[in-house]
Amino acid sequence: MTSGHRREHDLLGDREIPADAYWGVHTLRASENFPITGTAISGYPHLIDALAAVKEAAARANADLGLLAPDQADAIAAACREIRDGQLHDQFIVDVIQGGAGTSTNMNANEVIANRALELLGHAKGDYARLHPNEHVNLSQSTNDVYPTAVKVATVIAVRELLAAMTVLREAFAAKAEEFRDVLKMGRTQLQDAVPMTLGQEFSAYAVMLEEDQSRLAEAVTLVHEINLGATAIGTGLNAPRGYAEAARRHLAEITGLPLVTAANLVEATQDCGAFVHLSGVLKRIAVKLSKSCNDLRLLSSGPRAGLAEINLPPVQAGSSIMPGKVNPVIPEVVNQVAFEVIGNDVTITMAAEAGQLQLNAFEPIILHALSESITHLGAACRTLAERCVSGITANTETLRASVQNSIGLVTALNPHIGYTAATAIAKEALASGRGVAELVLERGLLPADRLAALLRPEEIAGAGREAAGAAGA
């Protein structure tokens, strides 16, 4: 011990560590080796909490099996609970992207927990003869089962938060579907006039798309509940005693409240990242559909005078440094950008999973980074879109009604009654002359006036879908 420092030893030699640091020599070297993102693992609190939960479960299991002295196990568990309560997160300093299959993250956790446990036992930090990061905190474990298990626990918890955020957005769209259930407008296919609908139907579709994606996400995350804790290095369970895997799983399930299961084949589970690939694919699906919905919102609100101007997005900030009075659809735009990020992250996760070799995938740190960013950013995007945009949308009802009345799309309703050829001729003439569909049908004597009026009632044309829009808002 020197003034303000303590000396620690590892495979490569001695290094001085700040005396007040809970991390140690392995963490120091990793912090020097991986100056990649500038974002420490402390920026991923779900991961830190999950690591502490795994280490506490391991300590309890080792105590159950008589491998760890009760006072050591209690001190380790107490340190882990403090971490899960939000303490010492600033001591997790290694970069989130790192070589070594997550070993640096595991070492960082081992050292922080060991040094806090030493304090709780009344000893100095670094007094590893009494409680050692590897020999006690990491007992019966390997990075190769600790890290993947922690990533999965962190992912499950993060997905729960994303599902809650998606519910907020879905309910916002559903509320607008109910509010706009009687607002008539023209539907469009390929950006051309199609047939009448209601604005409520349009917003109901956005709510239903989110509901479908929530179901797919809930299904995908069930696969992430399968863990390989007890596999140790490659899945053979070397250095973990009989009964440890089940004891550790049971304790981890109790600590986290998650229905975790041990993989049937730990060799397979230690090298396979398929659950992450599947989950990322569902996140990409959510991103794609969410981005499409935002494209629609930007298009429908385009203008205010030279665009569609069918809806108004709530103004949240000035839109230009040069054009006075301009307001841009910045909330949908930021959600679009999150979607682009998620789609790119899916490619990263795919390549990282594919790059695994033989009994281990060394690239789970980048999978964690990309998956965590996708989940947390999508959640923030959903809440932002709901609260800063969708909840404040208003409809330009007169603009919408006029577009219905003036559209040649109304002629579609006449196909079964005057035939496709006649309907096409009416549409062509209406488009060329600017005259209305009804006027031309009557002029040509194709239908009596009362029959025509009944067929062209937009309320009837969109009626069935209004019921669906109402159901989405229920």
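Structure: above.
So, how was this worked out
Residues numbered from 1 in each chain as written. Predicted model: local features only at pLDDT ≥ 70, side-chain atom pairs only at ≥ 80, totals over all residues. Heavy atoms only, no water. Core = buried A, V, L, I, M, F, W, Y, C linked by side-chain atoms within 4.5 Å. Buried < 20%, exposed > 50% of the residue type's maximum accessible area, 1.4 Å probe, protein only. Helix = DSSP H or I, 4+ residues; strand = E, 2+ residues; numbered from the N terminus. Contact = heavy atoms within 4.5 Å. Phe/Tyr/Trp six-rings, centres within 6.5 Å; stacked < 30°, edge-to-face > 60°. Lys NZ or Arg CZ within 6 Å of the ring centre and 35° of its normal. Expected span 1.5 Å × (residues − 1).

What follows concerns the nonpolar core. In this structure, Phe-173, Phe-203, Leu-217, Leu-297 and Leu-385 are the most contacted members of the largest nonpolar core, which totals 116 residues. Sort the elements by how many residues they give to this core and helix 6 (residues 143-179) lands first, with 18 residues. Excluding residues within four positions of it along the chain, Leu-297 makes contact with Phe-173, Phe-203, Ile-311, Leu-313, Pro-332, Leu-385, Cys-389, Val-390 and Ile-393. Core analysis: the second largest hydrophobic core is formed by 13 residues, Val-437, Leu-440, Val-441 and Leu-452 among them.

Here we come to the packing of aromatic side chains. In this structure the tally under the stated criterion is four aromatic pairs. With a centroid separation of 5.3 Å and an interplanar angle of 55 degrees, the aromatic rings of Phe-173 and Tyr-206 are classed as tilted. A residue pair is termed long-range when its members are at least 10 positions apart, and Phe-173 in helix 6 and Tyr-206 in helix 7 (residues 199-222) qualify at 33 residues. Cluster of aromatic residues (ring-pair linked, three or more members): Phe-173, Phe-180, Phe-203 and Tyr-206. Geometry around Tyr-22 places Lys-125 over its ring, the cationic atom sitting 4.5 Å from the centre. A cation over a ring is seen here: Lys-152 above Phe-276, with NZ or CZ 5.9 Å from the ring centre.

So, on to helix 11 (residues 330-354). Taking 1.5 Å per residue as the helical rise, helix 11 with its 25 residues ought to reach 36 Å, and the 37 Å between its terminal C-alpha atoms agrees with that figure. Along helix 11, the positions that sit buried rather than exposed are Val-330, Ile-331, Pro-332, Val-335, Asn-336, Val-338, Ala-339, Val-342, Asn-345, Asp-346, Ile-349 and Ala-352. Taken together, the buried residues of helix 11 touch helix 10 (274-300) and helix 12 (364-388).

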